[in-house]
Amino acid sequence: MSVATTQGLTSAEAVRRREEHGPNRLPAPERPSAARRLAGELTHFFALMLWVAALLALVAGLPQLGIAIMAVIVLNAVFAFIQQERADRAADRLREMLPTRVSVWRDGRRRVVEADDVVVDDVLLLESGDRIPADAAVRTENRLLVDSSMLTGESVPRGARVDDPLYAGTFVVEGDARAVVTAIGEETRLAGIARLATSSHKPDTPLTRELKKVVRLVAAIALGVGGLFLLISLLVGNSLQDGFVFAIGVTVALVPEALLPTVTLSLAWGSEQMAKRQILVRNLEAVETLGSTTFICTDKTGTLTRNQMTVVEAWTPAGSVTVSGSGYDPQARLAWSAPTAQGPGLELAIAGMRCSTGYAVRSKGAWEAHGDPMEAALDAFARRQGVDTDEDRRLHPVDLRFPFDPRLRRMSVVVDDAVVVKGAPDSVLPLCQDAVDAHAVVQALTARGLRVLAVATRPCGARTPTGPDDLGVHLRLLGLVALEDPPREEVVEALAACRRAGVSVAMVTGDHPATAAAIADEVGLRRPGAPVLIGAELPENDRILAAHLDHDGLVVARVSPRTSSGSRRRCAPAGTWSR
């Protein structure tokens, strides 16, 4: 580790790096100019039809009608433009409310600088309430909890330990820490997500598609009727010029000039009603799009379930233990399948606790999760076997930590000259040499709707891993831990309300397919015969993918909120929703 990263930078070095690499600022989204946005309101599909109608009215010698139609177009465009500008200014004011200054350690002392001036290798001094301005790595921490919901969707703050990554845009909700900046601006994870969001194709809204159909139909009817009256006029003996003027008048009369302002005013009223409910609508058409929702994809953990984990069963090659207790209280009743299983069960509990950053803590007379609820449940599992986990962490500090990798679906640590690995069974078991019996146990536990973790270990010896991929394939399986995350009581009624409204619901989760299917069955989300799909197996062709996903009660497991390289819309395997 360099002197700069341990003692902070000098002001001169920080200025040099800012000049060399630029400010710590996300790339501004491309936004059309005001003139271009106003021109768009004047030239969209419906407006073009009205411009043609106005021109025909002028040609037919009806200047008053032509001017009236043009006035409708212009007034409607100005009104829609003003509405969108108001929403954009409101969004800008929300962004300005975010903190723009951050504390760093420079010149051997604490300094407060603009977030734009943060550079790589700056030492951030983070406290509760601070927004993290750049990607960083924790160097020291004191009960640090970070809200990463804007990146992961998980509403529960997660604990962070030394060497764990922190990401720009997340917030410190508890504790304090020193962290060294590793990436700024366009190189941050937040910038990568922003690029994914802006690069995706924006399809037409349902309202736009329907209005285009209406315009085509109206235009066809108007032109058809106008042509028919031209023919009739000629048949009754009128001149071609008189017949043409008469046909144009009929054609213009059939164009519904009032439809455009009616649609715009209706959408504006809807956006005002949503604003009263603290919902900001930047695009008027989004009001109708929201009302046109017919399919909802929902996560499982924390959405359909309480995100309150409890270890209810553990399996080791020597036997299993059943835990009777809820929450994170250390007091619970343990029932062993065999006396010989107690030692391996204790080893499993200690290893799972050490390979975690979250833990259970007593606050205001009750035990609650500090950090990830799943890891707090592992801490409580060890406490229920008589382990003083706080003392254990003090006596057995982690020498090397590889945080949870959403691609690999596991995390690992080096402690007491041993590698400990914890993660999804299908990620950990292939690394173990004695895991034949474990696969059947995994199937049985996940079929009950339990979340299952595998824990394994090996001595370091002369081969300390250099990264999360470098664990070897000769791990010793300590066992499996099954956790229960009970469904929310209100989910059943919410699902029923969606279906009464004609809205289909699907579950999209990173969990094991059997676990996801069992929870979906329990809450009534899954319909009889609805498929359970795997993210990695979804087709890349959009049409085939749509056919696969068009099922009420569908369950898609082992997916990630990030896109794969194969297709922007494809669900990539095993991501940040998995454990």
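One can find the structure itself at the top, above this paragraph.
Here's a quick rundown of the structure. Everything quoted here is computed from the prediction, not taken from an experiment.

Conventions used here
- Residues numbered from 1 in each chain as written.
- Predicted model: local features only at pLDDT ≥ 70, side-chain atom pairs only at ≥ 80, totals over all residues.
- Heavy atoms only, no water.
- Helix = DSSP H or I, 4+ residues; strand = E, 2+ residues; numbered from the N terminus.
- Buried < 20%, exposed > 50% of the residue type's maximum accessible area, 1.4 Å probe, protein only.
- Areas by Shrake-Rupley, 256 points an atom, 1.4 Å probe, with all protein chains shown as cover.
- Lys, Arg positive; Asp, Glu negative; His and termini not counted.
- Charge placed at Lys NZ, Arg CZ, Asp CG, Glu CD.
- Patch = residues over 30% accessible without salt bridge, like charges linked within 9 Å, V, L, I, M, F, W, Y side chains within 5 Å.
- Salt bridge = Lys/Arg side-chain N within 4 Å of Asp/Glu carboxyl O.
- Pairing = 2+ DSSP bridges.
- Axes fitted to C-alpha atoms, helices over the stretch in contact; angles between N-to-C directions.
- Contact = heavy atoms within 4.5 Å.
- Core = buried A, V, L, I, M, F, W, Y, C linked by side-chain atoms within 4.5 Å.
- Parallel < 35°, antiparallel > 145°, perpendicular 65-115°, else oblique.
- Left-handed = near helix turned anticlockwise from the far one by under 90°.
- Nonpolar A, V, L, I, M, F, W, Y, C, P; charged D, E, K, R; others polar.

Things to note about the overall build of the chain
Tallying secondary structure elements over the chain gives 19 helices and 23 strands in all. Seen through its principal axes, the chain has C-alpha atoms that stretch 110 × 65 × 45 Å. Across the 579 residues of the chain, 46% fall into the buried class. Within the structure as shown, the chain displays about 28400 Å² of accessible surface, and the carbon and sulfur contribution to it stands at 58%. Treating the 64 positive side-chain charges of the chain as one cloud and the 68 negative ones as another, the clouds have centres 2 Å apart.

A look at a nonpolar patch on the surface
On the surface, Leu228, Phe229, Leu231, Ile232, Leu235, Val236 and Phe246 cluster together into a nonpolar patch covering about 680 Å² of accessible area. Examined against the element boundaries, Leu231 turns out to sit in helix 8 (residues 206–235). Judged by its relative accessible area of 48%, Leu231 falls in the partly exposed class.

Things to note about the sheet that holds strand 20 (residues 532–534)
Spatial strand order, 8-19-21-20: four strands in an open sheet with parallel pairing. In this open sheet, the two strands that pair with only one neighbour each are strand 8 (295–298) and strand 20. Geometrically, the sheet is characterised by an average inter-axis angle of 20° between neighbouring strands, direction not taken into account. Both strand 19 (residues 504–508) and strand 21 (residues 555–557) contribute to a ladder of two bridges, which runs parallel. Bridge pairing in strand 21 places Val508 opposite Val556. Strand contacts of helix 18 (residues 513–523): strand 19, strand 20 and strand 21, with the helix running at about 150° to strand 21, the strand carrying the most contacts.

Overview of the sheet that holds strand 18 (residues 476–484)
Strand pairing in a sheet relies on backbone hydrogen bonds. The paired strands run either parallel or antiparallel. Spatial ordering of the open sheet is given by 11-10-9-18-17-16-15-14, a layout of eight strands whose pairing is antiparallel. Looking at which strands have only one partner, the edges of the open sheet turn out to be strand 11 (333–336) and strand 14 (400–405). Looking at each pair of strands side by side, their axes are set apart by 20° on average, direction ignored. Both strand 16 (residues 418–423) and strand 17 (residues 451–459) contribute to a ladder of six bridges, which runs antiparallel. In the strand pairing of strand 17, Gly423 is matched with Ala454. Where helix 12 (residues 342–354) meets the sheet, its contacts fall on strand 9 (310–316), strand 11, strand 15 (410–415), strand 16, strand 17 and strand 18, and the angle it forms with strand 18 comes to roughly 75°. Against the sheet, helix 13 (residues 373–383) contacts strand 9, strand 10 (319–324), strand 15, strand 16, strand 17 and strand 18, and its axis sits at roughly 65° relative to strand 9.

Re the nonpolar core
Inside soluble globular proteins, nonpolar side chains tend to come together where they are buried. Ranked by internal contacts, the top residues of the largest apolar core, which has 30 residues, are Val311, Phe381, Val420 and Leu483. Of all the secondary structure elements, the ones that give two or more residues to this core are strand 9, strand 10, helix 12, helix 13, strand 15, strand 17 and strand 18. In terms of residue count, the dominant contributor to this core is helix 13 (seven residues). In contact with Leu483, not counting residues within four places along its chain, are Met309, Thr310, Val311, Met374, Ala377, Leu450, Arg451 and Leu453. Of all hydrophobic cores here, the second largest spans 25 residues; its members include Met49, Ala60, Leu207 and Leu284.

A word on the packing of helix 4 (residues 45–59) against helix 9 (residues 240–253)
Direction vectors running N to C along helix 4 and helix 9 enclose 150°, while the axes themselves pass 9 Å from each other. Of the possible angle classes, the one that applies to helix 4 and helix 9 is roughly antiparallel. The handedness of the crossing between helix 4 and helix 9 is left-handed. Contact residues: Ala53, Leu56, Ala57 and Val59 in helix 4; Phe244, Ile248, Thr251 and Val252 in helix 9.

Structural notes on the pairing of strand 1 (residues 101–106)
As defined by bridge partners, strand 1 adjoins strand 2 (residues 109–114) across six bridges and the pair is classed as antiparallel. By the bridge assignment for strand 2, Arg106 is matched with Arg109. Between strand 1 and strand 2, which follow one another and run antiparallel, lie two residues, and Asp107 among them has a positive phi close to 55°.

Side note on the pairing of strand 17
Burial analysis of strand 17 places eight of its nine residues in the buried class, which makes it a mostly covered element. Bridging between strand 17 and strand 18 involves seven bridges; their strand directions are antiparallel. Pairing of Ala454 across the sheet is with Leu480, part of strand 18.

Concerning the packing of helix 12 against helix 13
Running from amino to carboxyl end, helix 12 crosses helix 13 at an angle of 145°, the nearest separation of the two axes being 8 Å. Handedness of the crossing formed by helix 12 with helix 13: left-handed. Along the contact surface, helix 12 presents Ala349, Gly352 and Met353, while helix 13 presents Leu378, Asp379, Phe381 and Ala382. For the contact of helix 12 with helix 13, a count of residues per class yields five nonpolar, one polar and one charged.

Describing the pattern of salt bridges
When the charged atoms of two side chains with opposite charge come close together, those side chains can pair. The final tally for this structure, using the stated rule, is 35 salt bridges. The closest approach of N and O atoms between Glu375 and Lys422, which form a salt bridge, is 3.0 Å. Separated by 47 residues along the polypeptide, Glu375 in helix 13 and Lys422 in strand 16 bring together distant segments of the chain. Residues Glu375 and Lys422 agree in their burial class; the two are buried. When salt bridges that share partners are traced, they join Glu13, Arg16, Arg17, Glu20 and Asp121 into one network.

Note that all results are geometric; they support no functional claim without further evidence.
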